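Below are the chains, spelled out letter by letter.
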Amino acid sequence: DLNGQLHGQHLAKEVVVRAVQEFLQSPRPEKALVLSFHGWSGTGKNFVARLLASHLYRDGLKSTCVRVFISLFHFPHHQYVESYKAQLEKQISETVQLCKQSLFIFDEAEKLPFSLLDAIKPFMARNDNRGEVDYRRSIFLFLSNLGGNIINEVALDFWRAGRAREEISREFLEQQLRLELLKPAEHGYACNHLLKENLIDFFVPFLPLEYHHVKLCARDAFLAQGLPYTEAALDEVARMMVFVPKEEKLFSAQGCKSVSQRISYFL
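Residues numbered from 1 in each chain as written. Predicted model: local features only at pLDDT ≥ 70, side-chain atom pairs only at ≥ 80, totals over all residues. Heavy atoms only, no water.

## Brief notes about the overall build of the protein chain
Keep this limit in mind: Under the DSSP-based scheme used, a helix requires at least four consecutive residues in state H or I and a strand at least two consecutive residues in state E, with every element numbered from the N terminus. Our radius of gyration is a C-alpha quantity, and the globule rule it is checked against amounts to 2.2 Å times the number of residues to the power 0.38. Whether a residue is buried, partly exposed or exposed follows from its accessible area with a 1.4 Å probe, protein chains only, as a fraction of its type maximum: under 20%, in between, or over 50%, in that order. For this analysis, residues touch if any pair of their heavy atoms sits within 4.5 Å. To measure how exposed things are, a 1.4 Å probe is used in the Shrake-Rupley method; for residues, cover is taken only from the protein chains shown. Positive charges come from Lys and Arg, negative ones from Asp and Glu, while His and the chain ends are left out of the count. Taken as the charge centre is NZ of Lys, CZ of Arg, CG of Asp or CD of Glu, depending on the residue.
Scanning the protein chain from terminus to terminus reveals 12 helices and seven strands. In terms of overall dimensions, the protein chain is globule-like: its C-alpha atoms have a radius of gyration of 19 Å, near the 18 Å expected for 267 residues. Each of the 267 residues in the protein chain was classed as buried or not, and the buried ones make up 49%. Contacts in the protein chain between residues far apart in sequence, at least 24 positions, make up 74% of those at least 6 positions apart. In the form shown here, the protein chain has an accessible surface area of approximately 13700 Å², with 51% of it arising from carbon and sulfur atoms. Considering the protein chain, the positive charge centre built from 32 side chains and the negative charge centre built from 32 side chains are found 2 Å apart.

Structure, rendered in structure tokens:
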């Protein structure tokens, strides 16, 4: 499904599949699996999280073993952070007790109050004994736009050098991402603290999408709605999107977000 539906993300496919497979096949993991997704909006972070949930659980995101937290929606007021911490720890504990395998997704992680990590970290740390409940079978996903500019700069440099984006290695990009994420954050971004305490197992970079990727997203949207399409129609939808930088107009500013709405407008 990743091969057929996730476009332009060779690194994300490689890292997610390998990391999750190895984790699920391990008879006794030492700790929960923690993945941190980074990239511009619309590049596929939420899409991969949803796809992962749908393949791990029959009910996907609706499963009682999956909890999704959206920073500004679930934790909007910094003055209530102590209340949020107690609530979050209770929700994670209850889910882990209920399910042998749990999935926790933190969307807009760059806006997550870092003090909330006190409630999360014990569930992600290595060799932390929390009684009879085995939280080491849990998977934590942090989705963030942070680091997107660095990822895009690397992709642009490769393009300008005449190199294929598939030549970008995870190791090189992870090194760039780490340097960016370790910079002091204005509000103490959670990933900064997770990184310093070595709780993140894998960084998953999502590259900016190019014109032909947007066309593939448009094709998928037509198919999802059961509509016929032509190459001309796909081109017309793709041309409606904004591309950056100003000179090259290489990357879609919104990724594949709003493509399906554009199709409705086009029809």
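## Looking at the pattern of salt bridges
Heads up, the rule is: A pair is scored as a salt bridge if a Lys or Arg side-chain nitrogen falls within 4 Å of a carboxyl oxygen belonging to Asp or Glu.
Enumeration over the complete set of coordinates arrives at 15 salt bridges. As a salt-bridge pair, Asp201 and Lys31 come within 2.9 Å of each other at their nearest N and O atoms. Residue Asp201 is found in the loop between α9 (190-196) and β5 (202-205), and its partner Lys31 is found in the loop between α2 (10-25) and β1 (33-38); the two are separated by 170 residues along the sequence. The partly exposed category is assigned to Asp201, whose relative accessible area is 28%. Looking at Lys31, the relative accessible area reads 6%, which means it is buried. The network of salt bridges with common partners includes Arg170, Glu171, Glu174 and Arg178.

## Some details on unusual backbone geometry
Following Val244, the chain continues into Pro245 via a peptide bond in cis, with omega recorded as -5°. Along the chain, Pro245 turns up in the loop between β6 (243-244) and β7 (251-252). Notably, Lys249 is not glycine yet its phi reads approximately 50°, a positive angle.

## Examining the pairing of strand β4 (residues 139-144)
What counts, and what does not: DSSP bridges decide pairing: two strands pair if at least two such bridges lie between them.
Judged by how many residues are buried, β4 sits mostly within the fold: six of six residues are covered. Burial of the side chains of β4 extends over both faces: Ile139, Leu141 and Leu143 are buried on one face and Phe140, Phe142 and Ser144 on the other. Alignment of β1 against β4, held across six bridges, turns out to be parallel. Bridge pairing in β4 links Phe37 to Leu143. Pairing of strand β3 (residues 103-107) with β4 involves four bridges; the strand directions are parallel. Within β4, the position partnered with Leu103 by the bridge is Ile139.

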